[in-house]
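What follows is the residue order along each chain.
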Amino acid sequence: MFTNAVLLEVRVKDDSSLRHPVLELEASLERFVDCSDAERLSAWVRSPAKRTFDLALVLAMLPLLLPLFLIVASVVRLTSRGPVLFLQKRVGRNGTLFTIFKFRTMHLSDESRGAITTIDDPAITKVGRFLRWWKLDELPQFLNVLRGEKIGRAH
């Protein structure tokens, strides 16, 4: 989670307790992350109109994408054991935690693997490689949009 905050270019507070950053998954990151940077976001991103636009777009696309969702979910389920979706806690806007949804592209967790995945990682399934190449693994993030979760920061 701390790494996610850094990757999202969120300023980390100078806190001596960060020498051993152990964060509870459900805890707020406000103690560790400077969340007072709302001025970096455009007025559009902060407006209720943006949320309405996001919802309208996702709801309009859902009937078109639902067959693709079902096909991808079926292929993932039939080609490897384990859940169809990969769920991971991420740091969102204002340091809040949310669960991101993706189609699973890797074999079930292997304790000997490192934390970083490379393109030729043997843990990636054949189907997973295809899904990642075409970005189809990220389709379930439409659910994050429907739930109104603030993913990252505005660019």
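Look above for the structure.
Residues numbered from 1 in each chain as written. Predicted model: local features only at pLDDT ≥ 70, side-chain atom pairs only at ≥ 80, totals over all residues. Heavy atoms only, no water.

**Q** Explain the environment of tryptophan 133 to me, please; I cannot follow it from the model alone.
**A** Considering the arrangement of structural elements, one finds tryptophan 133 in helix H4 (residues 126-133). Looking at tryptophan 133, the relative accessible area reads 66%, which means it is exposed. Tryptophan 133 sits 14 residues away from isoleucine 119 along the chain, and the two C-alpha atoms are 9.8 Å apart. (Helix = DSSP H or I, 4+ residues; strand = E, 2+ residues; numbered from the N terminus. Buried < 20%, exposed > 50% of the residue type's maximum accessible area, 1.4 Å probe, protein only.)

**Q** Can you help me understand a nonpolar patch on the surface in this one?
**A** A contiguous nonpolar patch, built from Trp44, Phe53, Leu57, Met61 and Leu64 and spanning about 510 Å² of accessible area, is present on the exposed surface. The dominant element in the nonpolar patch, judged by the number of residues it contributes, is helix H3 (residues 48-79), at 4 residues. The residue leucine 57 is located in helix H3 in this model. Judged by relative accessible area, leucine 57 falls into the partly exposed class, the value being 44%. (Patch = residues over 30% accessible without salt bridge, like charges linked within 9 Å, V, L, I, M, F, W, Y side chains within 5 Å. Areas by Shrake-Rupley, 256 points an atom, 1.4 Å probe, with all protein chains shown as cover. Salt bridge = Lys/Arg side-chain N within 4 Å of Asp/Glu carboxyl O.)

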